[in-house]
Amino acid sequence: MLPETLPHSSARCLLPPPPPPPPWEQPAGTGSPGEFLAVGMASVQRPRGFYLLATLQSLFSQSTEEELQEMVVVVHLADTDPGWNVRVAATIAQKFARHILLGRLLLIHAPPEFYPTLEGLKRNFNDAEERVRFRSKQNVDYAFLLAFAANLSSYYLMIEDDVWSARSFLTSIRRALASQEGSSWATLEFSKLGYIGKLYRSSDLPRLAHFLLLFYQEMPCDWLLVHFRQLLTQKDVIRFKPSLFQHMGLYSSFQGTVNRLKDEDFQADALDLPDNPPASLYTSMSIFENYEPLKAYSLAQGYFWGKDPAAGSTFTIVFQQPVRVRRVRVRTGSVERPGDFLRAGLLELGQRRDRSRDCSSYVPVGSFKKGTLEQQGLESVLPGPVECVRIRVTQDQSEWLIIQSIDIWTTAGN
């Protein structure tokens, strides 16, 4: 029988409450550790391979001290063998003692009596009985983890126990969130694999936990996560590139089968992400279906697709506030439509924004070569801050134009 509620205390901490840390190890600021981001994972004993310690080490070592002060990591040791859970907890406590003392690392376990039945389950998709039991228990493992984490932070990041993290992934997530300000997203994705790199508002975690419990025997967790996103009216996937997490495990937690999945979009150094300041976007080209200009400028996946570009056609970015632009990179065309790239065009920086939605003065700073452009050192081109960035087509072309991405880096100061 399913529990009607999932109280925070359903999952028990495996370690006793730590003593207060000495003054020199107290987190800076007034907030508690994890006030911005909780990172959660569930872990069980694998027939082959053990990656949990490497995953934790990567999370902590790839974060700065300032980032760690805004993060808490929660591990649900969910194996049915209590001896394994205790041994792993002891190993983690020894290896990551400082993070535990500072409240940055929590180990929890939900007792087996809290679980619904895992016998005689529906064999949807003609899955073997053992696989149905495994994936159904995994759904409940995650449900308890989500319920425990609901009040720890503003945002919750779901990962698996066998991943590498990109450097300063927390800062990259903060930038991505800024780009989605004002939107009603349900899930942001920082990897295209499984349960890895899925970001939720913590306020949604109780609902997601109940959702996983309600349908625990119906389908795998990653499928349920898609349904949850769609039920919260987010139709399209919002995935950011480069990916911030990479699958490291070779052997699956189910029966130890070989799993060579890799995310080719993973980039170990995520600090080189563009700033892309808040802006309004306009184009003189006709837009094909819903491939609007914002999709080329957003850090999320997607692109702009314009019809019938001609000499003089423009694509304009008007910043909400003037900025100092130091670097711009534009990619056109796509793998699916390699011919829809910009044959000839200029990149221009604009100043003196008038009462309309455009700047009155532009300076060309680079030309496209084979559909791409990258210019650096732009902060020395104009004496003052930039208010507009414009792509101008300089030659008629019969092919439509895909602008895959526009990346803009800025420098501090006006």
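Given the structure is predicted, the values throughout are model-derived calculations rather than measurements.

Topic: the pairing of strand E5 (residues 155-158)
- The sheet contact formed by strand E2 (residues 37-43) and E5 spans 4 bridges and is parallel. Along E5, the bridge assignment pairs Ala38 with Tyr156.
- As paired elements, E5 and strand E8 (residues 198-201) share 4 bridges and run antiparallel to each other. Paired with Tyr156 across the strands is Tyr200, a residue of E8.

Regarding the environment of Gln404
- Along the chain, Gln404 turns up in strand E18 (residues 401-411).
- Separated by 70 residues in the primary sequence, Gln404 and Ser334 place their C-alpha atoms 6.7 Å from one another.
- A distance of 3.0 Å separates a polar side-chain atom of Gln404 from the backbone oxygen of Gly333.

Quick word on the pattern of salt bridges
- All told, the structure shown has 13 salt bridges when counted by the stated rule.
- Note that Asp161 and Arg46 form a salt bridge whose closest N and O atoms lie 2.5 Å from each other. Of this pair, Asp161 sits in the loop between E5 and strand E6 (163-165) while Arg46 sits in the loop between E2 and helix H1 (52-61), placing them 115 residues apart in sequence.
- Salt-bridge contacts for Arg327 lead to Glu374; the nearest nitrogen and oxygen are separated by 2.8 Å. Of this pair, Arg327 sits in strand E13 (residues 314-332) while Glu374 sits in strand E16 (residues 372-376), and the two are 47 residues apart along the sequence.

About the thresholds
Residues numbered from 1 in each chain as written. Predicted model: local features only at pLDDT ≥ 70, side-chain atom pairs only at ≥ 80, totals over all residues. Heavy atoms only, no water. Pairing = 2+ DSSP bridges. Helix = DSSP H or I, 4+ residues; strand = E, 2+ residues; numbered from the N terminus. Polar contact = N/O pair within 3.5 Å; in protein donor to acceptor, adjacent residues only side chain to side chain. Salt bridge = Lys/Arg side-chain N within 4 Å of Asp/Glu carboxyl O.

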